[in-house]
Amino acid sequence: MHVVRPTPARFDETLALLRAADVAVFGDSDWTADELREEWDELDLAHDAWLVELDGRIAGVAHLLDRKGGRFIGDGYVHPELTGRGVGGRVLGLLEERALELRPSWPAGERIVLEAAHLVGDERAPMLFAGRRFERVRSFFRMVVDVTDEQPQPAWPEGTTLRPLDPDRDGPMLHDAELEAFADEWGYVPLSYDDWRGRVFGRSGFDPALVPVVWAGDEVVAFSRNYPKRNGDWGFIANLGVRPAWRRRGLGLALLHESFRRFRETGETTIALGVDVENPTGATRLYEQAGMRVLWQADLWQKELRARD
């Protein structure tokens, strides 16, 4: 078993492995060449990405994707034809070793964990994670809907209006609305406005015309941050939020219908999003009401590297 860094020459083989790992579990894959290319562009490939070779083939892929406070977020894959040979353990070990290398930059006083997930249906994965002292903490759905047909017209509550999004003018108010809407969401990490703006408006392909923002007077009360061709070959709803005082008035369903309509006008036929199965606002039921279905489920696991001081 050999560990090497990703290079452009290994791109196609890496993408093939990612797709094969998905297909082995749910019969399809949402990995695209553009998605992997963007991920590699954003990663420090010399330090935060690895390929595990076995018998002259790429057998595993590991990416340390992000860091949110004390959470190190990793992603790992094993080729389905090369399971049961220690590759999965090596992949998780590489992620852990890198997180430990970064110990000097760990935030003081915070609990430090390494996170990684697997698709439900991979029978070997739970034993692999548990054997390396990870604990399952959460489950997430990828949900999709076909929007080939005409979509329902959104019904907006009285006192609300839609306005075109101007990132420079409306960014601070949209940021405030998101902070409030997701304050109680598991794993949500508030960002400063400048950091948030870079992540939200600086994403590849960002188009403000795809982002419905609902106002009541001078306040943003609800929104849906939408991106073309993200996390798969579809339109992607990255965040849909409603301020607590405006919930249970139909804004969530209206935002979904409006998002479906806007994506459909660009030629998209499928829309996707991710949702915490235990979301406290009942988001899964809302998405089902809008016609969405579960494509796959992923279980998220954490390994504690340092307890909170």
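Our subject is the structure that appears above.
1. Points about the environment of R142
Logical step 1: Positionally, R142 belongs in strand β6 (residues 135-146).
Logical step 2: A C-alpha to C-alpha distance of 21 Å links R142 and L251, two positions 109 residues apart in sequence.
Logical step 3: Aside from chain neighbours lying at most four places away, what touches R142 is D30, N231, W234, F236, A272, L273, G274, R293, V294, L295 and W296.

2. Examining the side chain of E258
Logical step 1: By the element assignment, E258 lies in helix α8 (residues 251-265).
Logical step 2: Accessibility expressed as a relative area gives 4% for E258, which makes it buried.

3. Overview of helix α1 (residues 11-26)
Logical step 1: For α1, which comprises 16 residues, the first-to-last C-alpha distance of 23 Å matches the rise-based estimate of 22 Å (1.5 Å per residue) to within 8%.
Logical step 2: For α1, every residue scored as buried is listed here: F11, T14, L15, L17, L18, A21 and D22. Relative to the axis of α1, the buried residues are bounded by an arc of 155° and lie together on one face. Of the residues in α1, the exposed ones pointing more than 90 degrees away from the buried face are D12 and A24.
Logical step 3: Residues of α1 that are buried in the fold lie against α2 (33-42), β2 (49-54), β3 (57-68), β4 (71-78) and β5 (112-119).
Logical step 4: After α1 finishes, the residue G27 shows a positive phi value of roughly 80°.

4. A closer look at the pairing of β2
Logical step 1: In terms of residue burial, β2 counts as a mostly covered element, since six of its six residues are buried.
Logical step 2: By the alternation rule, side chains of β2 split into A49, L51 and E53 and W50, V52 and L54, which are all buried.
Logical step 3: Direction of pairing for strand β1 (residues 2-4) relative to β2: antiparallel, over a ladder of three bridges. Paired with H2 across the two strands is E53, which belongs to β2.
Logical step 4: As defined by bridge partners, β2 adjoins β3 across six bridges and the pair is classed as antiparallel. Bridge assignment links W50 to a residue of β3, and that residue is A62.
Logical step 5: Hairpin remark: β2 followed by β3, antiparallel, with two residues in the connecting loop; positive phi at D55, about 55°.

5. Concerning the packing of α1 against α2
Logical step 1: In contact at an axis separation of 10 Å, α1 and α2 are set at 115° when each is read in the N-to-C sense. The angle between α1 and α2 places the two elements in the roughly perpendicular class. Along this stretch, α1 crosses α2, giving a crossing that reads as right-handed. On the side of α1, the interface is formed by F11, T14, L15, L18 and R19, while α2 contributes A33, L36, R37 and W40.
Logical step 2: Residue composition of the contact of α1 with α2, by class: six nonpolar, one polar and two charged.

6. So, the pattern of salt bridges
Logical step 1: Under the definition given, this model contains 28 salt bridges.
Logical step 2: Measuring nitrogen to oxygen at the nearest pair gives 3.0 Å for the salt bridge that ties R199 to D66. Taken together, the positions of R199 in helix α7 (residues 193-201) and D66 in strand β3 put the pair 133 residues apart, joining distant regions of the chain.
Logical step 3: Put simply, R138 and E278 hold a salt bridge, and the shortest N to O gap is 3.7 Å. Of this pair, R138 sits in strand β6 while E278 sits in the loop between β11 (270-276) and α9 (283-289), and the two are 140 residues apart along the sequence.
Logical step 4: Among the ionic contacts, a cluster of salt bridges with common partners joins E258, R261, R262 and E265.

7. Notes on the side chain of S139
Logical step 1: Locating S139 in the fold gives a position in strand β6.
Logical step 2: The buried category is assigned to S139, whose relative accessible area is 7%.
Logical step 3: In terms of polar contacts, S139 uses its side chain to reach the side chain of Q297, at 3.4 Å.
Logical step 4: If near-sequence neighbours (up to four positions away) are discounted, S139 is found in contact with V275, D276, V277, Q297, A298 and D299.

8. Digging into unusual backbone geometry
Logical step 1: The phi dihedral of K229 is positive, around 50°, even though this residue is not glycine.
Logical step 2: As for its placement among the helices and strands, K229 is situated in the loop between β9 (219-228) and β10 (235-242).
Logical step 3: On the basis of relative accessibility, which here comes to 43%, the residue K229 falls in the partly exposed class.
Logical step 4: Its identity as a non-glycine residue notwithstanding, N231 has a phi of 55°, on the positive side.
Logical step 5: Mapped onto the elements, N231 comes out in the loop between β9 and β10.

Analysis parameters
Residues numbered from 1 in each chain as written. Predicted model: local features only at pLDDT ≥ 70, side-chain atom pairs only at ≥ 80, totals over all residues. Heavy atoms only, no water. Helix = DSSP H or I, 4+ residues; strand = E, 2+ residues; numbered from the N terminus. Contact = heavy atoms within 4.5 Å. Buried < 20%, exposed > 50% of the residue type's maximum accessible area, 1.4 Å probe, protein only. Expected span 1.5 Å × (residues − 1). Arc of directions from axis to C-beta. Pairing = 2+ DSSP bridges. Axes fitted to C-alpha atoms, helices over the stretch in contact; angles between N-to-C directions. Parallel < 35°, antiparallel > 145°, perpendicular 65-115°, else oblique. Left-handed = near helix turned anticlockwise from the far one by under 90°. Nonpolar A, V, L, I, M, F, W, Y, C, P; charged D, E, K, R; others polar. Salt bridge = Lys/Arg side-chain N within 4 Å of Asp/Glu carboxyl O. Polar contact = N/O pair within 3.5 Å; in protein donor to acceptor, adjacent residues only side chain to side chain.

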